[in-house]
Amino acid sequence: MAKIQISQINLAAPSFKNITVPKEKVVLKWLIDWVKYSIESNVIQYEDFLPEKSKLAKYLNVSAGTLQNAIRQAEDMGFFQSRQSVGTVVIDPNSSKKIFEKTFSKKDKAVSLIKKYIIDNKLKLGAKLPSAKQLSQITQMGDNTVRLALDVLVMSKNLSVLTLKGNKSCWIYSASFKDSDFNFSGSGLVDVVAKKIKNYVAQNYALGDKIPSNGTFADMFNVSIRTVNEATKILNEQKIILSRRGRYGTIFLNSPQKIMKQKEREEKSLFMSKNKAEVLHQNYLYSWEKTLDALKKYIIQNHEVGDKIPAMRTLSSILNVSTNTIKRAISILCDEGYLIAQRGKYGGVFILEMPQKEQEAFAWLALNPDVVKIKQK
């Protein structure tokens, strides 16, 4: 796939003098003529991306909105395929090949709602439809979206359009729908991407594993980062994944039944000797939370109430974490009443009460009962 440059366009921009149709119709005809001519002369290839819309609109001397409406109509006719934040590619109208997976857009929803209005109100052939503005209120869709939907129905010959006085349009129900037209539902792009991510991580990752970044998924599925962000929100709500801040990334929580039947990964996992609840708990924690558990365990195993614990630098070396992480863990234990910090020549951090090292794991599981089922071995 290559991006077409404005300098490659070998057809003069259209003239809008003395036109009797909307500008977008003129631009639509120009786009189709340009694509056909450029393909025949090998200037562009199928699956090439259109130039940036702002630059193409400037070349054609029209607004970005007018160009966008023309491109959408050409897409409905099979000359282009588009994906938000990715671009628009030229395709062969005689080919059934999909460059981007077809999803249910706002325009598609508006088309379905208009069809539903016609059916629910039992309109007869030749009946006049409400105005675009009235249909916008009926369907709760935007004016521009409704107009695009009406254009789709005109191109499919289900509607015909009459131009009235003052260039106002009137839509007439002109042809019955096919049986296949009675599907009033569909999946949006975000839902499709969420399903793809769910299937991908289920097939390639074990419970508790860190999965690829949203940017990686955006490249993998050829969608925008914003779409992936919305898709991962859905998966977080479904408790399929757990997204965390910064370098901690996102971990896989759920495992479909068919994946559960597969053998667990061998010795490569640090937590292979632990059950799934423990694996998930360990991967759920941030570094300071893991350090907090490790520090409690160290205190229980090596000290008594009243002892002075080692300096933060020493603990940092023992537990193999930064001094800042140790400092945060000590601060929490002080707040919880297990330790007390004293200044001065004979100061330090002293043990007031022995901590309970297993408390956090059970507390976490109690707050997240649906995330994991503990299997008794």
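Note that the coordinates shown come from a computational prediction; the quantities given were computed from them, not determined experimentally. (Residues numbered from 1 in each chain as written. Predicted model: local features only at pLDDT ≥ 70, side-chain atom pairs only at ≥ 80, totals over all residues. Heavy atoms only, no water.)

(A) Helix α5 (residues 132-139), seen in detail. Those residues of α5 lying buried are Ala132, Leu135, Ser136 and Thr139. Seen along its axis, α5 keeps its buried residues to an arc of 105 degrees; they face one direction. Away from its buried face by more than 90 degrees, α5 exposes Lys133 and Gln137. Next to the buried residues of α5 lie α4 (106-120), α6 (143-155) and β4 (169-173). (Buried < 20%, exposed > 50% of the residue type's maximum accessible area, 1.4 Å probe, protein only. Helix = DSSP H or I, 4+ residues; strand = E, 2+ residues; numbered from the N terminus. Arc of directions from axis to C-beta. Contact = heavy atoms within 4.5 Å.)

(B) Geometry of the sheet that holds strand β7 (residues 250-252). The sheet built from 3 strands is open, its strands ordered β5-β7-β6 with antiparallel pairing. The strands lining the two open edges of the sheet, one partner per strand, are β5 (210-211) and β6 (241-243). With 3 bridges joining them, β6 and β7 adopt antiparallel strand pairing. Residue pairing for β7: Ser243 is matched across the bridge by Thr250. (Pairing = 2+ DSSP bridges.)

(C) Unusual backbone geometry, seen in detail. One non-glycine residue, Glu47, lies in the positive phi region at around 80 degrees. Mapping Glu47 onto the fold places it in the loop between α1 (23-40) and α2 (53-60). Since its relative accessible area comes to 23%, Glu47 is described here as partly exposed. Here the phi dihedral of Lys239 falls at roughly 60 degrees; this positive angle occurs in a residue that is not glycine.

(D) Region of interest: the packing of aromatic side chains. Within the structure shown, the criterion is met by 5 aromatic pairs. Between Trp30 and Trp34, the ring centres sit 5.6 Å apart and the planes meet at 10 degrees, which makes this aromatic pair stacked. Linking Trp30 with Trp34, this pair stays in helix α1, spanning 4 residues, or about one helical turn. On the basis of an interplanar angle of 50 degrees and a centroid distance of 6.3 Å, the ring pair of Trp30 and Tyr59 is categorised as tilted. With Trp30 in helix α1 and Tyr59 in helix α2, the pair connects residues that are 29 residues apart, well separated along the chain. Taking the relative accessible area as the measure of exposure, Trp30 reaches 5% and is therefore buried. Its relative accessible area of 28% is what places Tyr59 among the partly exposed residues. Note that Lys23 overlies the ring of Phe16, its terminal NZ or CZ placed 5.1 Å from the centroid. (Phe/Tyr/Trp six-rings, centres within 6.5 Å; stacked < 30°, edge-to-face > 60°. Lys NZ or Arg CZ within 6 Å of the ring centre and 35° of its normal.)

(E) Seen up close, the confidence of the model for the protein chain. Chain-level pLDDT for the protein chain is 78 on average; 77% of the residues reach the 70-or-more range. The model gives residues 256-277 a pLDDT under 50, and that stretch makes 26 contacts with residues more than four places away or in other chains. Note that residues 371-377 has pLDDT below 50 and, in this model, 15 contacts with residues that lie over four places away or in other chains. (pLDDT = per-residue confidence, 0-100.)

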